[in-house]
Amino acid sequence: MSATYTGPKVCLWTLDHADPASLATYVANGGYEPLKKILAEKTPATEIIEQVKISALRGRGGAGFPTGLKWSFMPRNYDGDKYVVCNTDEGEPGTFKDRDIVEFNPHQLIEGMIIAGYTLGAKAGYNYIHGEIFELYESWEKALEEARAAGYLGKNICGSGWDFDLHAHQGYGAYICGEETALLESIEGKKGQPRFKPPFPASYGLFGKPTTINNTETLASIPWIMRHGGQAFLELGKPNNGGTKIFSISGHVNKPGNYEIPLGTPFADLLEMAGGVRDGHTLKAVIPGGSSAPVLPADIMMGCTLDFDSIAKAGSMLGSGAVIVMDETVCMVKALERLAYFYFEESCGQCTPCREGTGWMYRVIKRIEHGEGRPEDLDLLMSVGTNIAGRTICALGEAAVGPVQSFITHFREEFEYHIENKKCMVGA
Amino acid sequence: MSLSAESLSQIDKEIAKYPADRKQSAVMAALRIAQVEKGWLANETLEFVAEYLGMPAIAVYEVATFYNMYDLEPCGRHKITVCTNLPCQLQGADTVADYLKQKLGIGFGETTADGRFTLKEGECFGTCGSGPLCLHNNHKMHTHLSPETVDKLLDELK
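In this text the structure is predicted, and so the values were computed from the model without any measurement.

(A) A look at the nonpolar core. Within the largest apolar cluster, 145 residues are counted, with the highest numbers of intra-cluster contacts made by Ile110, Ile114, Trp140, Met326 and Phe407 of chain A together with Leu31 and Tyr67 of chain B. Tallying contributions element by element places helix α14 (residues 332-346) of chain A first for this core, with eight residues. Beyond its immediate chain neighbours, meaning those up to four positions away, Trp140 of chain A contacts Val102, Pro106, Leu109, Ile110, Met113, Asn127, Ile129, Leu166, His167 and Ala168 of chain A. Met273, Leu283, Phe308 and Val323 of chain A belong to the second-largest nonpolar core, a separate cluster that totals 25 residues.

In structure tokens:
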């Protein structure tokens, strides 16, 4: 039996239509109806938040934090400006789902942000778009113009008397800006260096005002939830893991790409949808949730279902749903060298353990890969990792350590072989 | 030194997105627009942007050096940035990068003698499913690269 999913899709359903990104396609399929209904009926914010809580929508950017709970942190009776911010700074190696929402269903993201703005009492919203996908920054601005012209944005939206506007803000090459407080700094026109928390953005966010930051896929799910109800969204997935989720699968599969499937789908089914491991090869290892997620060997991964809880139980994390597949030809030392370089390059430099530690880890892994490893290096790497994790302002430190410690834990013999024989075990 | 009227009008559009007392928020866009016009960001360009947005020059310099798509040195007419991160690497990015280096006769971070091409190594573009990938002058992405498509791309960039 071949694995397929034919049920409802929350975000990428427009791809089944001729002109997926157009306002006409979106409106012809019920788009902006939830917004109009909310504005016409003046639905109380508490009711909207309740539906989002029932839906068990968990943040799609990596942390999996319950969205309804996050929204409930925003102060209700704050006398001043508030903001809603969308995080499309998608730069975690392996992740490429939000770009497809912006490209193929921009209006659902716009509607989700407007509903978020209404619910949270915001006066404006910003969508922070990864610099390297600049073409989508331009196309999303065009979609905003369409929405404005149709009366969904700006003054007196849909005749409701309520004003709200949205804007695009560009990144320009800094992975760290995917961290929400670094992203806020970046919108303020500064270096993207994460802030100390507390205070959290809900009390001190953009321009010092209460702010909610959600991932693109999270915000794009909101109109679906408002239209079909929180319970229906929950039932698309499994308890505590509501909805469908876009999985970005890359690496050694025949058909890399995005697959929107229910949370709780077996990994084996996703692998099959992606055409299986590239022809003639066997599965060796999988990074299930973006490069920061600990790697899992094939046998463990083949026993997992794709939801936050199952992957956590297996010792990794679902993260952003970015599944990097590696076959038996991959040298784990070389793969880790590239990831370690990434974190070294992208550390913002603010905290000493991360700034110095990512450099140490990269240099040690590099010397192992290039035949200059020392017997004590693996213990050294584990210990450098332990001295970074938990000792930094943001999660980039932990993100850099996760791959190093998990690669060594699961594939220690490859690292030892490299050190001892000054060459690669793969193909030896 | 100044920027063209067209560039300034683009920057003004960006400034209008933010609260009136938050012009600094437009600095990333202003630097991008300035770089498109000038090819790279010289100190005098940074100073101009600082003055235009009412920021200290050092604050603009901090931003320009923090984000890696800004070029603080002269660059070839065509900057090719190749992602070599793990998912792209698994899909053949090293072969594409090696081919580019060999064909252009330069390494990462170098410019051809005729000033036509600069080659750079990039970090994740967030488009891994279509790798190997490169960016042309920061804004145009080319996907599913192979030595054949690289040949075609380079021929088009005069």
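From this point, things continue past the structure.
(B) Spatial organisation of the state of the cysteines. Residue and element names in this part refer to chain B. Following the criterion strictly, the structure yields zero disulfides over all chains and no others. With no disulfide of its own, Cys75 has Cys134 as its nearest cysteine by sulfur position, at a separation of 14 Å. Given the relative accessible area of 21%, Cys75 is considered partly exposed. Left unpaired, Cys128 is separated from the closest cysteine sulfur, that of Cys124, by 3.8 Å.

(C) How the structure looks around the pattern of salt bridges. Counted under the stated rule, the structure contains 37 salt bridges over all chains. Linking Lys17 of chain B and Glu141 of chain A is a salt bridge whose minimum nitrogen-to-oxygen distance equals 2.7 Å. Of this pair, Lys17 of chain B sits in the loop between α1 (5-15) and α2 (27-38) while Glu141 of chain A sits in helix α7 (residues 134-149), on two different chains. The class for Glu141 of chain A is partly exposed, based on a relative accessible area of 21%. A salt bridge links Arg195 of chain A to Glu188 of chain A; the shortest N-O distance between them is 2.9 Å. Here Arg195 of chain A and Glu188 of chain A have matching classes, each one buried. Through salt bridges with shared partners, a single ionic network connects Lys70, Glu179, Glu180 and Lys197 of chain A.

(D) Fine view of the side chain of His136 of chain B. Along the chain, the position of His136 of chain B falls in strand β4 (residues 134-136). Once residues lying within four places of it in the same chain are set aside, the contact partners of His136 of chain B are His78, Lys79, Ile80, His142 and Leu157 of chain B.

(E) Expanded view of the packing of aromatic side chains. Residues and elements named next belong to chain A. Inspection of every chain in the model, using the stated rule, returns 21 aromatic pairs over all chains. Plain terms: the ring middles of Phe344 and Tyr362 are 5.7 Å apart, the flat faces sit at 10° to each other, and that makes the pair stacked. Placement of the pair is Phe344 in helix α14 and Tyr362 in helix α15 (residues 352-369), with a sequence separation of 18 residues. Classification of Tyr362 as buried rests on a relative accessible area of 13%. Here the aromatic cluster, defined as three or more aromatic residues joined through ring pairs, consists of Trp13, Tyr26, Tyr32 and Tyr152.

(F) Here's a closer look at the interface of chain B and chain A. Each side of the interface is counted separately: chain B has 42 residues, and chain A has 56 residues. Carbon and sulfur atoms supply 56% of the area buried between chain B and chain A, which totals about 4,000 Å² over both sides. Looking only at chain B, the three residues that lose the most surface to chain A are Lys17, Phe66 and Leu90 of chain B, adding up to 17% of its buried area. Counting across the chain B and chain A interface gives four salt bridges. Across the chain B-chain A interface, the total number found is 26 residue pairs in polar contact (both at pLDDT 80 or more). Counting only elements with at least two residues in the side of chain B that touches chain A, the list comes to α2, α4 (57-66), α5 (86-90), β3 (117-122) and β5 (140-142) of chain B. In terms of residues, the side of chain B that touches chain A owes the most to one element, α2 of chain B, which gives five residues. Considered class by class, the residues forming the side of chain B that touches chain A number 19 nonpolar, 14 polar and nine charged.

(G) Focus on a nonpolar patch on the surface. Judged by side-chain polarity, Phe65, Leu69 and Phe73 of chain A come together as a nonpolar surface patch covering roughly 270 Å² of accessible area. Tracing the backbone through its elements, the reader meets Phe65 of chain A in the loop between α3 (45-55) and α4 (67-72).

(H) Just the sheet that holds strand β6 (residues 257-262) of chain A, in detail. Residues and elements named next belong to chain A. Spatially, five strands are ordered β6-β5-β11-β8-β9 in an open sheet, and the strand pairing comes out mixed. Where the open sheet ends on each side, the last strands, each with one partner, are β6 and β9 (296-297). Of the pairings in the sheet, the one linking strand β8 (residues 283-287) to strand β11 (residues 322-327) comprises four bridges and is antiparallel in character. Note that in β11 the partner of Leu283 across the bridge is Asp327.

(I) Molecular detail of the pairing of β3 of chain B. Residue and element names in this part refer to chain B. Bridge analysis of strand β1 (residues 78-83) against β3 gives six bridges, and the strand direction is parallel. Paired with Lys79 across the bridge in β3 is Thr118. One ladder, built from two bridges, connects strand β2 (residues 110-111) with β3; its direction is antiparallel. Within β3, the position partnered with Thr111 by the bridge is Thr118. In this structure, the hairpin formed by β2 and β3 is closed by a connection of five residues, where Gly115 is found at a positive phi of approximately 70°.

(J) Up close: the environment of Leu104 of chain B. Here Leu104 of chain B shows up in helix α6 (residues 93-104). The contact partners of Leu104 of chain B, leaving out residues within four places of it in the chain, are Thr112, Phe117 and Leu154 of chain B.

(K) Highlighting unusual backbone geometry. Residue and element names in this part refer to chain A. Of note, the bond from Pro198 into Pro199 is cis; its omega dihedral lies within 30 degrees of zero at 0°. You will see that Ala56, though not glycine, has its phi angle at about 55°, which is positive. One non-glycine residue, Phe207, lies in the positive phi region at around 55°. Its place among the elements puts Phe207 in the loop between α8 (180-187) and β4 (211-215). Residue Phe207 is classed as buried on the basis of its relative accessible area, which comes to 7%.

Rules behind the numbers
- Residues numbered from 1 in each chain as written.
- Chains lettered and ligands numbered in written order.
- Predicted model: local features only at pLDDT ≥ 70, side-chain atom pairs only at ≥ 80, totals over all residues.
- Heavy atoms only, no water.
- Core = buried A, V, L, I, M, F, W, Y, C linked by side-chain atoms within 4.5 Å.
- Buried < 20%, exposed > 50% of the residue type's maximum accessible area, 1.4 Å probe, protein only.
- Helix = DSSP H or I, 4+ residues; strand = E, 2+ residues; numbered from the N terminus.
- Contact = heavy atoms within 4.5 Å.
- Disulfide = S-S within 2.5 Å.
- Salt bridge = Lys/Arg side-chain N within 4 Å of Asp/Glu carboxyl O.
- Phe/Tyr/Trp six-rings, centres within 6.5 Å; stacked < 30°, edge-to-face > 60°.
- Buried area = accessible area lost by both parts, 1.4 Å probe.
- Polar contact = N/O pair within 3.5 Å; in protein donor to acceptor, adjacent residues only side chain to side chain.
- Nonpolar A, V, L, I, M, F, W, Y, C, P; charged D, E, K, R; others polar.
- Patch = residues over 30% accessible without salt bridge, like charges linked within 9 Å, V, L, I, M, F, W, Y side chains within 5 Å.
- Areas by Shrake-Rupley, 256 points an atom, 1.4 Å probe, with all protein chains shown as cover.
- Pairing = 2+ DSSP bridges.

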